[in-house]
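These are the residues of each chain, in order.
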Amino acid sequence: MAPELGWVWHPAERNQGFRHPADMPFQNVSLAKSAFLEGFRGPRLARISKVDILEDRPGNRCLIAERGETREVCRSMTIHFGEGLLLLQELEQMRGQPGHLEASWFNDELKGILNKALGKWNTRRLSGTGYVDSMLLRSAVTGQKVTDIDGNEHSYRRHIKEHERLDLVKGENEGSFFRMKDIIGYIPPWEAFHDARCGFYQDFYLVRWEHSSSQVDCAATENGSAEEPGASWEPDECVPACLDALRLAAKTNWVKACRAREAQVKAVRRTPTVSPIGMAALGMAVRRTPTMSPLGMSSRGTPPPAAAAVRIKRERPLDVPAPPPAKLARKRRDDLPLERDVVHSSIGHDFAPEALGEFALSQIRIGWPTKAEEYPPGFSTASPPGFCLTTCDCMEDNRIQKPGETVKDWLEKAPEGAARAAAAEAAVAMFAQHGQLLNFLMRRGSVSKQHFLQPAQQGRLPEQTGETAAAHLAASINRAMKAVLGEVPVGALIGAETVRVPSRTFFPESIDYEPLRVIASPRMLGARMPDWIRINPDDGQIAVSRQPSAFELPLRLRLEFDAAEGPVAAEGRGIAICADLVVVSRAAAPAGAPWTLATAELAQLYSECALERGVRAGLHDHFDKIYDFNMRSPRLMPLGKWLEVVYRISRLLAVAASGSLALDHPNGPGAGGMPGPQTPTQ
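Now for a quick tour of the structure. (Residues numbered from 1 in each chain as written. Predicted model: local features only at pLDDT ≥ 70, side-chain atom pairs only at ≥ 80, totals over all residues. Heavy atoms only, no water.)

1. Side note on the overall build of the chain
- The helix and strand inventory of the chain stands at 16 helices and 26 strands.
- Expressed as a percentage of the 682 residues in the chain, the buried residues total 38%.
- A separation of at least 24 residues holds for 62% of the contacts in the chain among residues at least 6 apart in sequence.
- About 41,800 Å² of surface is accessible on the chain, with carbon and sulfur atoms providing 55% of the total. (Helix = DSSP H or I, 4+ residues; strand = E, 2+ residues; numbered from the N terminus. Buried < 20%, exposed > 50% of the residue type's maximum accessible area, 1.4 Å probe, protein only. Contact = heavy atoms within 4.5 Å. Areas by Shrake-Rupley, 256 points an atom, 1.4 Å probe, with all protein chains shown as cover.)

Take a look at the structure:
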């Protein structure tokens, strides 16, 4: 994985022991007094420090680099870079405000990191709405040890189950559990961290209690709400997992409310304080956005182009109403999900042969052609065996073959059939005897009774230098493509040519076929696929609809591949093959793009490896598309075009490495040295 920025938790003071800021002091009186009476929680308990997350490791651990030193930590000790920036922004804006816990460790260094990020993304304030919507909507930031509805244990983060919302049944007060009525509010973890009513790095929900507890004014308690009597702020850890539907609804409502407030603020900022007439009087230019009127005229009075008017008229006359859109079913007739098409993921099928009945199946035989005139023009039957009889059912594939269908009576029972069979057996026996005498054949199957002939192993293997060189060069190209896809600048995907995932690159050589489907999902647990990027499952095409915000990058996607038989898995291991696609925010000039830098190394490997002359000649035209051999420099091109060319080169090399399949090309480039320009000859 490519290194990514992040944050790691530390004790707030260097001389104190570490306790995770999400840990609640359950069944520990001294810690509870320290947290709630003395205020030793939130920013007084833990602080964050900027690190580089180098790689993920087994056991939910990762390798980080902090101030030049590397160490391995638990993944729950780190948080996303954008999430940490939101935390710093809250600490700065709420400094000195009542009802908030102060952070003595928020120094000029952290403030400089925050200001640098704001300047880089050209904004005055980071909005947590987009981060919650894309990263936390279906991910719960919770406590040290929680159990989901399926009985699985999680630590600090877990996926929110998207089950249907069930009607709440009447509960009972028992022990430390109390009856609740609904969840009516939400606070993200970076706000709850320094809020005096919360003080732990978890999702907090405003819980409205049932009748007996709803009469109690909770405003005087440490987590009570002054706005909602009978309600209090509770950490995610205290809300049962069976209420995930309420969690999701509370977060969704919070996102909608925040977006509405942000829209109001933008509308107020866009409203001019001086009228357009007054602005013109002051010598200020007034610019209006052109809009199209119902008559096809723009607001500036400019008619649309003539070609556009002709095109609209040609598509559908004005007096002809538009046809209604075709209605597509979302479920089968038995109310089950549609069966997804093998090739096109957006198409489903509702085929139930058992519902047709014997009569409907018998109609297949009636409509089957049994005469020459019943076939379409230019088509006829295969002869032998000839036309089907009216009683034939050979066209049906939902039955077991009959004994008469496993033999070829028109050959074996023909007058010359016996002589033909004897001649065939004699030819095979003669070939086997001749092969054994000359030691190039082995007869197998005397024990298993599965008789076949196998080529004998020769003492000297054919020359494999060319095949080995082709395999090594193909492996180098595959590594280069993986490295490029591990750090793709988002600018290379916006408004660019078609960029497709080279799926076959991630497979071992034993799996030599393209998958039917590419499935993309975020690497981060519980996160959903962002709305600004889409990977077509049918052909792996990457489409980016807009410039993502600062919090949405870098985006780490997990790619899985499906074949007709199911997920593509490594042979002999049964483990599904996965790949990483990382979209980063950094921009690269064409000459400094990762794929441009990789081209020079690949061209050098091509010039030095001992390929067969025919293979080298065949590959030269393809390498010339990405590398200028005259100028000895890579050609500048978009990412999609580069992937298309090198992927084709990789597949051609894989074919060349599988056997002596290339003809020698005496007039082509030599086996060694950089191929030069070819002089045209007559």
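2. Notes on helix H3 (residues 108–120)
- When the terminal C-alpha atoms of H3 are compared, their 18 Å separation across 13 residues agrees well with the 18 Å that a helix rising 1.5 Å per residue should span.
- Within H3, the full set of buried residues consists of Leu-110, Ile-113, Leu-114, Ala-117 and Leu-118. Along the axis of H3, the buried residues cluster in a sector spanning 135 degrees; they form a single face. Of the exposed residues in H3, the ones pointing more than 90 degrees away from its buried face are Asp-108, Lys-116, Gly-119 and Lys-120.
- Tucked inside the fold, the buried residues of H3 contact strand S1 (4–11), strand S2 (46–57) and helix H2 (81–93).
- One or two steps after H3, the chain reaches Asn-122, where phi turns positive at roughly 55 degrees. (Expected span 1.5 Å × (residues − 1). Arc of directions from axis to C-beta.)

3. Considering the pattern of salt bridges
- What the rule picks out here adds up to 35 salt bridges.
- Close ionic contact of Arg-504 with Asp-512 constitutes a salt bridge, the shortest N to O distance being 3.5 Å.
- Salt-bridge contacts for Glu-552 lead to Arg-546; the nearest nitrogen and oxygen are separated by 3.2 Å.
- A relative accessible area of 32% places Arg-546 in the partly exposed class.
- Members of the salt-bridge network, linked through shared partners, are Glu-4, Asp-56, Arg-75, Arg-523, Arg-556 and Asp-580. (Salt bridge = Lys/Arg side-chain N within 4 Å of Asp/Glu carboxyl O.)

4. Some points on the sheet that holds strand S12 (residues 231–235)
- Spatial strand order, S10-S11-S12: three strands in an open sheet with antiparallel pairing. Among the strands making up the open sheet, the edge pair consists of strand S10 (180–187) and S12. Averaged over neighbouring strand pairs, the angle between their axes works out to 35 degrees when direction is ignored.
- The pairing of strand S11 (residues 204–209) with S12 spans five bridges and is classified as antiparallel. Along S12, the bridge assignment pairs Val-207 with Ser-232. (Pairing = 2+ DSSP bridges. Axes fitted to C-alpha atoms, helices over the stretch in contact; angles between N-to-C directions.)

5. Some points on the packing of aromatic side chains
- As enumerated under the stated definition, the model contains 16 aromatic pairs in all.
- For the ring pair Phe-507 and Phe-561, a centre distance of 5.2 Å and an interplane angle of 85 degrees mean the geometry is edge-to-face. Here Phe-507 is found in the loop between strand S18 (499–500) and strand S19 (517–522), whereas its partner Phe-561 is found in strand S22 (residues 555–563), with 54 residues between them in sequence.
- Taking the relative accessible area as the measure of exposure, Phe-507 reaches 5% and is therefore buried.
- An aromatic cluster of three or more residues is present, and its members are Tyr-606, Phe-623, Tyr-627 and Phe-629. (Phe/Tyr/Trp six-rings, centres within 6.5 Å; stacked < 30°, edge-to-face > 60°.)

6. Regarding the packing of helix H15 (residues 613–623) against helix H16 (residues 639–657)
- Packing of H15 against H16 brings their axes to within 10 Å, and their N-to-C directions diverge by 170 degrees. In terms of orientation, H15 lies roughly antiparallel with respect to H16. When H15 is examined against H16, the residues Val-615, Leu-619, His-622 and Phe-623 are found in contact with a partner set consisting of Val-645, Arg-648, Ile-649, Leu-652, Leu-653 and Ala-656. (Parallel < 35°, antiparallel > 145°, perpendicular 65-115°, else oblique.)

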